[in-house]
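Here's the letter readout for the chains.
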Amino acid sequence: MALHNELGQEGERLATNFLLKKGYEILETNYRHRKAEVDIIARTGDTVVLVEVKTRSTPDFGNPQDFVKPKQIQLLVKALHHYIVSRNLEVEVRFDIIAIIKNKQGTRLEHLEDAFYHF
């Protein structure tokens, strides 16, 4: 497996553990709908949260959260809409990003709530 894929998987594990420690319930990981893959779908109270995890080894080329592009956001919104409708859920929805920089110097994790909107 390529090194960047391993880093991405490690980031998703770190994000999942972080959310669990904050009391979130993990509903799905790597949920796929058409061309979209949602890293984490979690629940906190009456809110279902789509969490996009971005992990980088360095901030030299920009913050991890800066790599979530408009086209990807559109796909994620559609995927979460499908998830909610197919399960007939009556919940609030939120879109978060967990940005991680992990390298030899350590790990920095930032949880950005309401990182983007679904309009």
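A brief structural summary.

### Looking at helix α2 (residues 70-86)
Owing to its 3.6 residues per turn, the α-helix aligns residues three or four sequence positions apart on the same side. Helix length check: α2, at 17 residues, gives a terminal C-alpha distance of 24 Å against a target of 24 Å (1.5 Å per residue), a fit within 8%. Residues of α2 that are buried: Ile73, Leu76, Ala79, Leu80, Tyr83 and Ile84. Angularly, the buried residues of α2 cover 135 degrees about the axis, an arc narrow enough to put them on a single face. Facing away from the buried surface of α2 by more than 90 degrees, the exposed residues are Pro70, Lys71, Lys78, His81 and Val85. On its buried side, α2 packs onto β1 (25-33), β2 (36-44), β3 (47-56) and β4 (92-103).

### Description of the environment of Arg13
Within the secondary structure layout, Arg13 lies in helix α1 (residues 3-21). When the C-alpha atoms of Arg13 and Leu80 are compared, they prove to be 20 Å apart, with 67 residues separating the residues in sequence. One polar contact links Arg13 to Glu10, side chain to side chain, over a distance of 3.0 Å.

### Structural notes on a positive patch on the surface
On the surface, Arg34, Lys35, Lys71 and Lys78 cluster together to form a positively charged patch. Following the sequence through the fold, Arg34 ends up in the loop between β1 and β2. With relative accessibility at 79%, the residue Arg34 sits in the exposed group.

### Regarding the nonpolar core
Counting 17 residues, the largest nonpolar core has Val38, Ile41, Leu50, Leu80 and Phe116 as the members making the most contacts within it. Counting residues per element, the ones that place at least two in this core are β2, β3, α2 and β4. Residue contributions to this core peak at six residues, all from α2. Leave out the neighbours within four places in its chain, and Val38 touches Thr29, Asn30, Tyr31, Leu50, Leu76 and Ala79. Leu19, Ala42, Val49 and Val51 belong to the second largest nonpolar core, which has ten residues in total.

### As for the sheet that holds β3
Read from one edge of the open sheet, five strands run β1-β2-β3-β4-β5, paired in mixed fashion. This sheet does not close on itself; its edge strands, each paired only once, are β1 and β5 (106-112). On average, each strand axis in the sheet is inclined to that of its neighbour by 25 degrees, with strand direction left out of account.

### Some points on the pairing of β2
With seven bridges connecting them, β1 and β2 associate as antiparallel partners. Looking at β2, one finds that Glu28 is bridged to Ile41. Hairpin connection, β1 to β2: the antiparallel pair is bridged by two residues, and Arg34 has positive phi, about 50 degrees. Pairing of β2 with β3 involves five bridges; the strand directions are antiparallel.

### Remarks on the pattern of salt bridges
Counted under the stated rule, the structure contains six salt bridges. Here Glu10 and Arg13 are joined by a salt bridge, their closest N and O atoms 3.0 Å apart. Placement of the pair is Glu10 and Arg13 together in helix α1, with a separation of three residues, close to one helical turn. Here Arg13 falls in the partly exposed class, since its relative accessible area comes to 45%.

Thresholds applied
- Residues numbered from 1 in each chain as written.
- Predicted model: local features only at pLDDT ≥ 70, side-chain atom pairs only at ≥ 80, totals over all residues.
- Heavy atoms only, no water.
- Helix = DSSP H or I, 4+ residues; strand = E, 2+ residues; numbered from the N terminus.
- Expected span 1.5 Å × (residues − 1).
- Buried < 20%, exposed > 50% of the residue type's maximum accessible area, 1.4 Å probe, protein only.
- Arc of directions from axis to C-beta.
- Contact = heavy atoms within 4.5 Å.
- Polar contact = N/O pair within 3.5 Å; in protein donor to acceptor, adjacent residues only side chain to side chain.
- Patch = residues over 30% accessible without salt bridge, like charges linked within 9 Å, V, L, I, M, F, W, Y side chains within 5 Å.
- Areas by Shrake-Rupley, 256 points an atom, 1.4 Å probe, with all protein chains shown as cover.
- Salt bridge = Lys/Arg side-chain N within 4 Å of Asp/Glu carboxyl O.
- Lys, Arg positive; Asp, Glu negative; His and termini not counted.
- Charge placed at Lys NZ, Arg CZ, Asp CG, Glu CD.
- Core = buried A, V, L, I, M, F, W, Y, C linked by side-chain atoms within 4.5 Å.
- Pairing = 2+ DSSP bridges.
- Axes fitted to C-alpha atoms, helices over the stretch in contact; angles between N-to-C directions.

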